[in-house]
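Commentary on secondary and tertiary structure
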Amino acid sequence: MTYGFETLAIHAGQAPDKRTGAVIPPIFQTSTYQQDGVGKPREGYEYSRSSNPTRDALQDCLAAVEGGRRALAFASGLAAEDTLLRALCAPGDHVVIPDDAYGGTYRLFSKVAERWGISWTAADVTDIDAIRAAITPHTRLVWLETPTNPLLNIADISTIATLTHEREALLVVDNTFASPYLQQPLSLGADVVVHSTTKYVGGHSDVVGGALVFADAEIAREVEFHQNAMGAINGPFDAWLTLRGIKTLGVRMDRHCDNAERIVDFLTSHAKVSQVYYPGLVEHPGHEVAAKQMRRFGGMVSFRVVGGESAAIKICERTKLFVLAESLGGVESLIEHPGRMTHASAAGSPLEVPADLVRLSVGIESVDDLVGDLSAAMS
Ligand SMILES: Cc1ncc(COP(=O)(O)O)c(C=O)c1O
């Protein structure tokens, strides 16, 4: 029997507790487990870095909602990325990364992985020829974000999956911006999905976490070995909070999308806005591909402001409901200046973002209040 997304989000990995019938999986806040004899751990649990029942529940749920064979939960999105990189790549390998990506992902490749002998090329993910040209005989991974952070570019996952596999590399897709409710990269041919579960998956800005979801059980086993060997695991309470967030992911995402569409209507007709980036706009260059591979277009909106950097910063500092903060994907609306905040680490690189850019994470508040707040800040 196959269940729908919301049913899986609420039930997968979360059967009532065998001993007590507790409907919600308990927080197994324990580092170790009594063994039934020497070398005889009960149900495989021996130490919580290796495995923990609350983290298992989260991992099973994540695998189900992404349509994967296996999921692994980490201390943060970047811990997940680092573990994946070190599990699958060796010195001499090459990785293709987006030329518009989360600044921390770029920093991981350019400032950390490079020191360990992994080279990289940044390519425009909207340009198949650019990706083809960037792949070398040493390319082990092609890494996509779609939509990208913060310019909301769209990559055609299934076309790039075919190209990547022809060149015997693996396709990794960071699905943080879309969430598994709006987009399921594994069903489009990706090999690994990355999440910062800190964002929409957790959904309440109260927990930092990351996840990897795999199409292939063998690759999952290799990375699981590294998860234990390197140790950047998701703790039991964090796993529990994230699981609670996933239960409402579908309803939250629909409301994020409704509100974002209204904000986009407001921004596109505003005299102080020179450009709006939202894949739901028919004039967005990635609109057709986004409509093909996404259920809806998400809750992230970026725009450029007439008057340059100082005007953009002023708007960020004047909103009252939109909180000036990094991160995204929570129920509350956030505003930020990527050039000075989330993407400051990309300054001077091919991933530098425009100075007049403002990024919104549109929350699920009453949308008239959100439009009123932006309108006042821009007046
Ligand atoms: C698209 C994307 N991927 C990965 C990350 C890294 O996740 P974390 O902050 O949980 O380490 C972020 C963080 O903002 C992100 O936006």
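For the structure itself, consult the block above.
Rules of the game
- Residues numbered from 1 in each chain as written.
- Predicted model: local features only at pLDDT ≥ 70, side-chain atom pairs only at ≥ 80, totals over all residues.
- Heavy atoms only, no water.
- Helix = DSSP H or I, 4+ residues; strand = E, 2+ residues; numbered from the N terminus.
- Contact = heavy atoms within 4.5 Å.
- Near = heavy atom within 4 Å.
- Polar contact = N/O pair within 3.5 Å; in protein donor to acceptor, adjacent residues only side chain to side chain.
- Areas by Shrake-Rupley, 256 points an atom, 1.4 Å probe, with all protein chains shown as cover.
- Buried < 20%, exposed > 50% of the residue type's maximum accessible area, 1.4 Å probe, protein only.
- Pairing = 2+ DSSP bridges.
- Axes fitted to C-alpha atoms, helices over the stretch in contact; angles between N-to-C directions.
- Salt bridge = Lys/Arg side-chain N within 4 Å of Asp/Glu carboxyl O.
- Core = buried A, V, L, I, M, F, W, Y, C linked by side-chain atoms within 4.5 Å.
- Left-handed = near helix turned anticlockwise from the far one by under 90°.
- Nonpolar A, V, L, I, M, F, W, Y, C, P; charged D, E, K, R; others polar.

What follows deals with the side chain of His226. Turning to its location among the elements, His226 is positioned in helix H8 (residues 217-230). In this structure His226 touches Thr83, Arg86, Ala87 and Gly231, once residues within four positions along its chain are discounted.

It is worth spelling out the site of the ligand at this point. In the vicinity of the ligand, 13 residues are found, and the nearest of them are Gly77, Asp174, Ser196, Thr198 and Lys199. Asp174 is positioned such that a nitrogen or oxygen atom in its side chain is 2.6 Å from a nitrogen atom of the ligand. Thr198 places a polar side-chain atom, nitrogen or oxygen, 2.8 Å from an oxygen atom of the ligand. Considering the ligand on its own, with 390 Å² of exposed area, one finds that the protein chains cover 91% of that surface.

A few words now on the pairing of strand S9 (residues 300-305). With five of its six residues buried, S9 lies for the most part within the structure. As judged from the five bridges shared by S9 and strand S12 (residues 357-361), these two strands associate in the antiparallel manner. Bridge assignment links Val301 to a residue of S12, and that residue is Leu360.

Taken in spatial order, the seven strands of this open sheet run S1-S7-S6-S5-S4-S2-S3, and their pairing is mixed. One side of each edge strand has no neighbouring strand; the edge strands of this open sheet are strand S1 (70-74) and strand S3 (119-123). Taking the axes of each pair of neighbouring strands and ignoring which way they run, one obtains an average angle of 20° across the sheet. Most of the contacts of helix H6 (residues 157-166) go to strand S5 (residues 170-174), to which it runs at about 150°, and overall it touches strand S4 (139-145) and S5.

Looking now at the pattern of salt bridges. All chains considered together, the criterion is met by 14 salt bridges. Here Glu224 makes a salt bridge to Arg70, at a shortest N to O gap of 2.8 Å. Of this pair, Glu224 sits in helix H8 while Arg70 sits in strand S1, placing them 154 residues apart in sequence. Given a relative accessible area of 25%, Glu224 falls into the partly exposed group. The closest approach of N and O atoms between Glu336 and Arg359, which form a salt bridge, is 3.1 Å. Of this pair, Glu336 sits in strand S11 (residues 334-336) while Arg359 sits in strand S12; the two residues are 23 residues apart in sequence, bridging distant segments of the chain. Arg359 gets classed as buried once you look at its relative accessible area, which sits at 2%.

We now examine the nonpolar core. Counting residues in hydrophobic clusters, the biggest one holds 79 residues, and the most contacted among them are Leu171, Ile263, Leu267, Val301, Phe303 and Leu360. Ranked by residue count, the leading element in this core is helix H10 (residues 249-268), at eight residues. What Phe303 contacts, discounting residues up to four positions off in sequence, is Leu267, Val273, Gln275, Val276, Tyr277, Asp356, Leu357, Val358, Leu360 and Met378. If you look at the next biggest cluster of nonpolar residues, it comprises 31 residues, including Leu84, Cys89, Leu108 and Ile118.

Where helix H3 (residues 77-88) meets H8, the closest approach of the two axes is 9 Å, and the angle between their N-to-C directions is 115°. For the pair H3 and H8, the sense of crossing is right-handed. Judged by residue contacts, Asp82, Thr83, Leu84, Arg86, Ala87 and Leu88 of H3 engage Ile219, Glu222, Val223, His226, Gln227 and Met230 from H8. Among the residues forming the contact of H3 with H8, the class breakdown is six nonpolar, three polar and three charged.

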